[in-house]
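Observations on the model geometry
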Amino acid sequence: MAIQRMDHVSVVVEDLDAAVAFFVALGMEVEGRTPVEGPWVDGVCGLDGVRVDIVMVRTPDGHGKLELTRFHSPAAVGADRAGAPPHTLGLRSVMFAVDDLDDALARVRPHGGELVGRVERYGDVYRLCYVRGPEGVIVALAEELG
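Report follows, based on the coordinates. (Residues numbered from 1 in each chain as written. Predicted model: local features only at pLDDT ≥ 70, side-chain atom pairs only at ≥ 80, totals over all residues. Heavy atoms only, no water.)

**Overview of the overall build of the protein**
Quick note on the threshold: Runs of H or I in DSSP of at least four residues are treated as helices and runs of E of at least two as strands, each being numbered from the N terminus. Three exposure classes are used, based on accessible area relative to the maximum for each residue type with a 1.4 Å probe and protein chains only: buried under 20%, partly exposed in between, and exposed over 50%. Contacts between residues were defined by any pair of non-hydrogen atoms, one from each residue, lying within 4.5 Å. For every accessible area listed, the method is Shrake-Rupley and the probe measures 1.4 Å; residues are considered covered only by the protein chains on display. For the purpose of charge, His is not counted, nor are the chain termini; Lys and Arg are scored as positive and Asp and Glu as negative. For charged residues, the charge sits on one atom: NZ in Lys, CZ in Arg, CG in Asp, CD in Glu.
Counting its secondary structure elements, the protein contains three helices and nine strands. Listing every helix and strand of the protein by position from the N terminus yields β-α-β-α-β-β-β-α-β-β-β-β. For the protein, the spread of C-alpha atoms along the three principal axes comes to 50 × 35 × 30 Å. Every one of the 146 residues in the protein was classed for burial, and the buried ones make up 34%. Across the protein, every contact between residues at least 6 apart in sequence was considered, and the portion connecting residues at least 24 apart equals 54%. Here the protein displays about 9000 Å² of accessible surface, and carbon together with sulfur accounts for 54% of that area. Here the protein contributes 14 positive and 23 negative side-chain charges, whose respective centroids are spaced 3 Å apart.

Here is the structure:
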């Protein structure tokens with residue numbers, strides 16, 4: 001048995017609408033939005049009384065997906081990762097290839113996107129940067145050169 005494909009990455013957020021707006025500004029498309037609850041999701045999560053709203057967003061090519069999840073019950077828990085640096089243990093970043101890095105940055109700034117460091121060149125291959133997105137998630141952006 002082998003893995004068929006990577007389906008999506010899930011990100012738990014407090015402000016679902018703000019997270020959706022950020023990723024839509026980046027160029028992703030909303031695939032669907034739904035509430036989820038019931039015994040099956042309780043069993044999958046190993047929690048009781050799970051009630052969430054989920055928005056699935058996808059890249060324009062349809063291959064990359066993020067599941068943005070807002071827990072209503074039980075309340076989301078966790079450390080304050082909003083200011084966590086790139087070398088923090090755990091999920092480091094989600095990377096997207098973009099056709100125009102400056103344009104992508106301009107589109108996410110009004111939605112709270114801020115540079116973690118600065119835009120850099122990796123030889124003659126990429127211009128890239130880290131942007132802090134919703135709930136402190138680091139979004140890596142890379143523009144292929146030449």
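**Re the layout of surface pockets**
Inclusion rule: Only protein atoms enter the 1 Å grid, on which a cavity is a set of points fitting a 1.4 Å probe that cannot get out and a pocket is an open set with protein on both sides within 12 Å along at least 5 of 7 lines, lining residues being those with an atom within 4 Å of a point. Grid points are joined across faces, edges and corners, and a volume is the space filled by probe spheres set on the points.
Its boundaries defined by the atoms lining it, the second largest pocket holds a volume of some 180 Å³. What lines the second largest pocket is M6, D7, H8, V9, T59, H63, G64, K65, L66, V94, M95 and F96. Elements represented by at least two residues in the lining of the second largest pocket include exactly β4 (65-73) and β5 (94-98). At three residues, the largest contribution of residues to the lining of the second largest pocket is made by β5.

**Focus: the environment of R51**
Of note, R51 is situated in strand β3 (residues 51-58). Along the primary structure R51 and V41 are separated by 10 residues, whereas in three dimensions their C-alpha atoms are 8.5 Å apart. Those residues within four positions of R51 in sequence are excluded, and the remaining contacts are V36, E37, R70, F71, H72 and S73.

**What to know about the pattern of salt bridges**
This is how it is decided: Here a salt bridge means any side-chain nitrogen of Lys or Arg lying within 4 Å of a carboxyl oxygen belonging to Asp or Glu.
Per the stated rule, a full pass over the model turns up 11 salt bridges. Here D7 and R5 are joined by a salt bridge, their closest N and O atoms 3.1 Å apart. In this structure D7 comes out as partly exposed when scored by relative accessible area, which is 33%.

**Side note on the side chain of T69**
With respect to the helices and strands, T69 occurs in strand β4. Residues contacting T69, with those up to four places away along its chain left out, are S10, V11, V12, V13, L16, V52, D53 and I54.

**Concerning the pairing of β3**
A regular strand carries its side chains on alternate faces of the sheet. Note the threshold: Only strands joined by at least two bridges in the DSSP assignment are considered to pair.
Direction of pairing for strand β2 (residues 29-37) relative to β3: antiparallel, over a ladder of eight bridges. Paired with E37 across the bridge in β3 is R51. Where β3 meets β4, eight bridges bridge the pair, whose relative direction is antiparallel. Each residue of the ladder has a partner; that of V57, found in β4, is L66. Counted along the chain from β3 to the antiparallel partner β4, the turn is six residues long, and its residue G62 has a positive phi close to 85 degrees.

**A few points about the nonpolar core**
In summary, soluble globular proteins display a tendency toward joint burial of nonpolar side chains. Definition in use: Here, nonpolar core means buried Ala, Val, Leu, Ile, Met, Phe, Trp, Tyr and Cys residues that are tied together by side-chain atoms lying within 4.5 Å of each other.
Membership of the largest hydrophobic core comes to 26 residues, with the highest contact counts inside it found for F23, L26, L66, L68, F96, V139 and L141. Of all the secondary structure elements, the ones that give two or more residues to this core are β1 (9-12), α1 (16-26), β3, β4, β5, α3 (101-108), β8 (126-132) and β9 (138-144). Per-element accounting of this core gives the leading share, six residues, to α1. Ignoring anything within four residues of it in the chain, the contact list for F96 reads F23, L26, M28, T59, L66, V139, A140, L141 and A142. Formed by six residues, the second largest nonpolar core is a distinct cluster that contains V36, V41, I54 and F71.

Shape is all these values report; function is a separate question.
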